[in-house]
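A closer look at the structure
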Amino acid sequence: MKGKRLYHRIQSRNEEKIHKIFNEIYATYCKLVFFVISKYVNQLEDIEDLTNDVFLSFFNQIQQINLTDNIKSYLTTSAKNKALDFMNKKNNYVEVSESIFLIPDKANNNSYYLLLKEMEECLSKEEIDIILKHSVEGMKFKSIAEELKKPTNSIITTYHRAIKKFKNYKDGRKYA
């Protein structure tokens, strides 16, 4: 929906309208982009800079972006790529097989690891896996279901219950 509105506002060439919808997109996805980057980068200042870079790049390329695509997916992919490029420049990773594993710096306050630790206190490994695959990696529920060899409706239900369970945990309420 925001993609279509943004597309129409770009076509109108009304900069005020473009800025307004961009601000809505930023408010909606800022925390998600921050979270994706924090999966790869340890320093808070670097995470904040890279988050701003993702949105600056998005804004600067707004007329070249295919807005029929999913904006959330575009931003999370961009965040992951910026973080990996940053880490590559810093030589702060090791490659194992075809996957990249970061070397966590335990002296740093890494928000990604802190969030995962909180999630582990109230969610199962499967619930965490489904949340990360959908929210961070941008996978569709159907793809997750195929990968985990479970019905799509089961994955969707597990995802929504886990989000509610984690939100209640964060709010100090026990999930029943």
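Residues numbered from 1 in each chain as written. Predicted model: local features only at pLDDT ≥ 70, side-chain atom pairs only at ≥ 80, totals over all residues. Heavy atoms only, no water.

1. Re the confidence of the model for the protein
For the protein, mean pLDDT is 76; residues scoring 70 or higher make up 73% of the total. Mean pLDDT values over the elements of the protein span from 37, in strand E2 (residues 99–102), up to 88, in helix H7 (residues 141–148). Note that residues 92–109 has pLDDT below 50 and, in this model, 28 contacts with residues that lie over four places away or in other chains. (pLDDT = per-residue confidence, 0-100. Helix = DSSP H or I, 4+ residues; strand = E, 2+ residues; numbered from the N terminus. Contact = heavy atoms within 4.5 Å.)

2. A word on the packing of helix H2 (residues 15–38) against helix H3 (residues 44–60)
Where H2 meets H3, the axes come as close as 9 Å, and the angle between the chain directions of the two elements is 140°. In this structure, the crossing between H2 and H3 has a hand that is right-handed. Of the residues in H3, those touching H2 at Ile18, His19, Phe22, Ile25, Tyr26, Tyr29, Cys30, Val33, Phe34, Ile37 and Ser38 are Leu44, Ile47, Glu48, Leu50, Thr51, Asn52, Val54, Phe55, Phe58 and Phe59. A class-by-class count of the residues in the contact of H2 with H3 yields 16 nonpolar, four polar and one charged. (Axes fitted to C-alpha atoms, helices over the stretch in contact; angles between N-to-C directions. Left-handed = near helix turned anticlockwise from the far one by under 90°. Nonpolar A, V, L, I, M, F, W, Y, C, P; charged D, E, K, R; others polar.)

3. Let's talk about the packing of helix H6 (residues 125–136) against helix H8 (residues 152–170)
It is the contact of H6 with H8, at a shortest axis distance of 9 Å, that shows an interaxial angle of 100°. With respect to their mutual orientation, H6 and H8 come out roughly perpendicular. Where H6 abuts H8, its residues Glu127, Ile130, Ile131, His134 and Ser135 lie against Ile155, Thr158, Tyr159, Ala162, Ile163 and Lys165. Taken together, the residues of the contact of H6 with H8 break down into six nonpolar, three polar and two charged. (Parallel < 35°, antiparallel > 145°, perpendicular 65-115°, else oblique.)

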